[in-house]
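# A closer look at the structure
Given next are the chains, with one letter for each unit.
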Amino acid sequence: PPSSSSSSSWSSRSSSASRSSLLRLVRVTFSKAPLEHQYFRPVVQVVCDGTLKVNTWRDGVQSPPVPTGASGKVEVNSPPLQGPLLLRLLHLDNQNKSVCLIRAGLDTMFMSPTMPTVKRLYVQDLDLAFAAIRRLPPDFFIDLIFTPVSGSSSSSFAIKSL
């Protein structure tokens, strides 16, 4: 009957969601600061389950400005995240107004639940907001560094030494 096939389809979706890794985003690094501004003031936002879980500016993480063309990082230390994520990298201008440069979607289901994971995203992997293509060098990439929530101390050491 049609009802049984739809319920089995639903149960396989929910069981795959429960196998999703529970991870913490600890750091976002980028290869080169965007080209349009003299300095780049990065802000990281993460949406999970339709809720803004991370906003580094709101959470008091004020990364130092990064000169145009230089590499940089933002320490995130997110709450536990699981399932589909939307990550946004923003720039704060001199009036503290944010400009979205990059959006990226990913899922913790495809990451290790026991080992630190580095997910590298290149320009072609990103949803570039508005005219961001001219703001980013063609060889731009970001690294998203995740660690398991229930990781061992050796996993924590590996992340800190990156």
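Below, the structure is looked at part by part.

Turning our eyes to something else, we now look at the overall build of the chain. Across its full length, the chain carries two helices and 11 strands. Sequence-ordered secondary structure for the chain, helices as α and strands as β, is α-β-β-β-β-β-β-β-β-β-β-β-α. Within the span of the chain, comprising 162 residues, buried residues form 41% of the whole. Relative to all contacts within the chain whose residues are 6 or more apart in sequence, the contacts with residues 24 or more apart total 72%. Only carbon and sulfur atoms are counted for the fraction: they give 56% of the accessible area of the chain, which is about 8900 Å².

In this structure, Leu25, Phe140, Ile142 and Leu144 are the most contacted members of the largest nonpolar core, which totals 30 residues. Counting only elements with at least two residues in this core, the list comes to strand E1 (23-30), strand E3 (42-48), strand E7 (84-92), strand E8 (98-107) and strand E11 (141-148).

A few words now on the pairing of E1. Counting buried positions over the eight residues of E1 gives seven, a clear majority of the element. With seven bridges joining them, E1 and E11 adopt antiparallel strand pairing. From the neighbouring strand, Arg27 faces E11, where its bridge partner is Ile145. Inspection of the sheet shows E1 paired to strand E6 (residues 72-75) by four bridges, in the antiparallel sense. Bridge pairing in E6 links Phe30 to Gly72.

Right, let's talk about the sheet that holds E1 for a bit. Paired through their backbone hydrogen bonds, the strands of a sheet run either parallel or antiparallel. Ordered by their spatial adjacency, four strands build an open sheet running E6-E1-E11-E9, and the pairing between neighbours is antiparallel. Two strands in the sheet have a free side with no partner beyond their single neighbour: E6 and strand E9 (117-122). Averaged over all pairs of adjacent strands, the angle between their axes in this sheet comes to 20°, without regard to strand direction.

What follows is about the pairing of E8. Pairing of E7 with E8 involves nine bridges; the strand directions are antiparallel. Considered in E8, the bridge of Leu86 is made with Gly105. Adjacent in sequence and paired antiparallel, E7 and E8 are bridged by five residues, among which Asn96 carries a positive phi angle near 60°.

Phi is positive for Asp49, which is not a glycine, with a value near 55°. The phi dihedral of Asn77 falls on the positive side, at around 50°, and the residue is not glycine. Mapped onto the fold, Asn77 is located in the loop between E6 and E7. The exposure class of Asn77 is exposed, given its relative accessible area of 52%.

On inspection of all chains with the given rule, the structure shows five salt bridges. Linking Asp59 and Arg58 is a salt bridge whose minimum nitrogen-to-oxygen distance equals 2.9 Å. The network of salt bridges with shared partners includes Arg27, Lys73 and Glu75.

Two aromatic rings are characterised by how far apart their centres lie and by the angle between their planes. Under the definition given, this model contains two aromatic pairs. Taking 5.2 Å as the distance between ring centres and 85° as the angle between the ring planes, the aromatic pair formed by Phe30 and Phe40 counts as edge-to-face. With Phe30 in strand E1 and Phe40 in strand E2 (residues 39-40), this pair connects stretches of sequence that are 10 residues apart. Comparing Phe30 with Phe40 shows no difference in burial state: the two are buried.

Glancing now at the side chain of Gln45. On the secondary structure map, Gln45 appears in strand E3. Exposure remark for Gln45: the relative accessible area of 12% places this residue in the buried category. When sequence neighbours within four positions are dropped, the list of residues in contact with Gln45 reads Leu52, Val54, Asn55, Leu86, Leu87, Arg88 and Leu90.

Cut-off values and rules
Residues numbered from 1 in each chain as written. Predicted model: local features only at pLDDT ≥ 70, side-chain atom pairs only at ≥ 80, totals over all residues. Heavy atoms only, no water. Helix = DSSP H or I, 4+ residues; strand = E, 2+ residues; numbered from the N terminus. Buried < 20%, exposed > 50% of the residue type's maximum accessible area, 1.4 Å probe, protein only. Contact = heavy atoms within 4.5 Å. Areas by Shrake-Rupley, 256 points an atom, 1.4 Å probe, with all protein chains shown as cover. Core = buried A, V, L, I, M, F, W, Y, C linked by side-chain atoms within 4.5 Å. Pairing = 2+ DSSP bridges. Axes fitted to C-alpha atoms, helices over the stretch in contact; angles between N-to-C directions. Salt bridge = Lys/Arg side-chain N within 4 Å of Asp/Glu carboxyl O. Phe/Tyr/Trp six-rings, centres within 6.5 Å; stacked < 30°, edge-to-face > 60°.

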